[in-house]
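The lines below spell out each chain.
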Amino acid sequence: MAFQLRTYREPDFTQEKFQNSPDAQLHLAPKDMTAPDQFHATSIFPEYFKIEGKWLLAEESRMDCVAIYEDGKIQVREFRNIKQGDRIVVGRTEDCEEGIYVHADCFEREENKDTPFSFRQSRSRETAFSYDYEQLYELLEHERQYGYVVWVLGPACAFDAEAREAFSKLIAGGYVDALLAGNALATHDLEAGLLGTALGQDVRTQRPHFNGHYNHIDTINRVNLHGSIPAFLEAEHVDNGIMYSCVKHNVPFVLNGSLRDDGPLPEVYEHTYVGQDAVRNHVRKATTVIGMATVLHTIATGNMTPSYRVMPDGTIREVYFYTIDTSEFAVNKLGDRGSLAARGIVTNVQDFVCNLAKGLRL
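Within any chain, residue numbers begin from 1 and follow the written order of that chain's sequence. Owing to the predicted nature of the model, reporting of local features is limited to residues with pLDDT of at least 70; listing and counting of side-chain atom pairs is limited to 80 or more, with chain, interface and lining totals taken over all residues. Values shown for side chains rest on all heavy atoms present in the structure; no hydrogens or waters enter the calculation.

Quick word on the overall build of the protein
Labels follow the DSSP assignment, with helices taken as runs of H or I lasting at least four residues and strands as runs of E lasting at least two, numbered in each case from the N terminus. Within the protein, the secondary structure is distributed over 11 helices and 17 strands. When burial is assessed residue by residue, the protein has 48% of its 362 residues classed as buried. Partitioning the intrachain contacts of the protein with sequence separation of at least 6 by distance along the chain shows that 69% fall at a separation of at least 24. Accessible surface is estimated by sampling points in the Shrake-Rupley manner with a 1.4 Å probe; for residues, cover comes only from the protein chains shown. Total accessible area on the protein is roughly 18,300 Å²; 48% of this is exposed by carbon and sulfur atoms. Working definition: with a 1.4 Å probe on protein chains only, accessible area under 20% of the residue-type maximum means buried, over 50% means exposed, and in between means partly exposed. It only takes one pair of heavy atoms within 4.5 Å for two residues to be counted as in contact.

Pasting the structure below:
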């Protein structure tokens, strides 16, 4: 059965509540990085604002930001990007009372015939994920042609030789449009390419190498010697792995630093907000996001990802978000943080990636 996106249902603006709604109030930002009192904070859902009698959709949104009316459009910006004098929407109701409408139930769904009481509704180790895989195969085939798939990887994704090979096949097959990670994922993947280990442990046999605790910092040192990841790959004749495949197939990657980083690698963003902007540049285009074995990077990306995307032709489609982890806590955490559209799969990422590659016949 061919994959079908759920249809977006635009609000019925002929309803009385829309017709009788006042215009949204716009108050000026009193200073840089500061919103006026009673500012409206955005969510993950499509939001409409009535300006001069017309309902305007915020086309590029993210949660916990402000809505600014500028050049005839609603712009959604982080607090750090507010400028004094920006015209910011104020009001804390969401059903047209103040010219603001949050359109939460906006994608058509099959009628829910479940009984009010039912077992096994959470995502846990006992959940059967076979159908999730079937959906993912179809979704990724669709996205390869029509979408933009952003992957968020933790370092465990580079700890196994077969998983590195499987993800490299996903990149080569066109199923990866951008990679978001930290210093560790890139470091251990490059270590595996150079020395065959990740954190000093053989990526095939899982046996520790003598003095293997030096391997990752030796690798960082070699990359810094050559000046960049691409230069390192060429000079050291590394021809395998996740980072190699990204470079070979021109897949952009964003590496963000943390307080505990070793090195870091040359491409790692050391300024938090510069790195955040780089992530959001890809999130603005994302139609599917898959986070694997990294709670913090996945939550960070999830908090920037709305539930919808306005496509270049003006159509509005759903954004799919998956979290993959061995921990039930990790896969359910995004729901606790407001990203209600996230779907969790409880498994180790090595098996997950290999299953995807096999299911996609790579």
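Overview of the side chain of Ser307
Along the chain, Ser307 turns up in the loop between helix 9 (295-302) and strand 14 (308-310). Ser307 has contacts with Ile44, Phe45, Pro46, Phe107, Arg317, Glu318 and Val319, leaving out every residue within four places of it along the chain.

Focus on the confidence of the model for the protein
Overall, the predicted model of the protein reaches an average pLDDT of 92, with 92% of residues at or above 70. Per residue, pLDDT captures the predictor's confidence, and it can take any value from 0 to 100. Confidence over residues 117-121 falls short of pLDDT 50; this stretch has 3 contacts with residues more than four positions distant or in other chains.

A look at the nonpolar core
By nonpolar core we mean a set of buried residues, namely Ala, Val, Leu, Ile, Met, Phe, Trp, Tyr and Cys, connected to one another through side-chain atoms within 4.5 Å. Grouped together as the largest cluster of nonpolar side chains are 50 residues, with contacts concentrated most on Trp151, Phe167, Met292 and Phe352. At 6 residues, the largest contribution of residues to this core is made by helix 11 (residues 349-359). Ile51, Ala58, Val89 and Phe107 belong to the second largest nonpolar core, which has 22 residues in total.

Examining unusual backbone geometry
Cis peptide bonds are those with omega within 30 degrees of zero, and the linkage from Gly263 to Pro264 qualifies with -5 degrees. Position of Pro264 among the secondary structure elements: in the loop between strand 12 (253-256) and helix 8 (272-283). Positive phi values are uncommon outside glycine, yet Glu52 reaches one of about 50 degrees. As for its position among the elements, Glu52 is in the loop between strand 2 (47-51) and strand 3 (54-57). Unlike most non-glycine residues, Ala293 shows phi in positive territory, near 55 degrees.

Thoughts on helix 9
Regarding helix 9, the residues found buried are Thr298, Ile299, Thr301 and Gly302. Buried residues of helix 9, seen end-on, are gathered within an arc of 165 degrees and therefore sit on one face of the element. Any pair of N or O atoms that falls within 3.5 Å is considered a polar contact. Within protein, one atom must be able to donate a hydrogen and the other to accept it, and sequence-neighbouring residues count only if both atoms are side-chain atoms. The backbone nitrogen of His297 has a side-chain oxygen 3.4 Å away, supplied by the residue at the start of helix 9, namely Thr294. Starting at the helix axis, one direction is taken to each C-beta atom, and the arc is that of these directions.

Some words on the pattern of salt bridges
Any Lys or Arg side-chain nitrogen found within 4 Å of a carboxyl oxygen on Asp or Glu counts as a salt bridge. If you walk through the whole model with that rule in mind, you get 14 salt bridges. Two residues, Glu165 and Arg204, come together in a salt bridge whose shortest N-O distance is 2.4 Å. Separated by 39 residues along the polypeptide, Glu165 in helix 3 (residues 161-172) and Arg204 in the loop between strand 11 (201-202) and helix 5 (215-226) bring together distant segments of the chain. Using a relative accessible area of 37% as the deciding quantity, one classes Glu165 as partly exposed. In this structure, a network of salt bridges that share partners links the residues Arg62, Glu78 and Arg280.

Description of the environment of His209
Within the secondary structure layout, His209 lies in the loop between strand 11 and helix 5. Along the chain, His209 and Leu195 lie 14 residues apart, while their C-alpha atoms are 9.9 Å from each other. Apart from residues no more than four positions distant in its own chain, His209 is found in contact with Leu195, Thr197, Gly200, Asp202 and Asn215. In terms of polar contacts, His209 uses its side chain to reach the side chain of Asp202, at 3.5 Å.

Focus: the pairing of strand 4 (residues 66-70)
Counting buried residues along strand 4, 4 of its 5 residues qualify, which places the element largely inside the surrounding structure. In this analysis, strands are considered paired if DSSP registers two or more bridges between them. Both strand 4 and strand 5 (residues 73-77) contribute to a ladder of 5 bridges, which runs antiparallel. Note on strand 5: the bridge partner recorded for Ile68 is Gln75.

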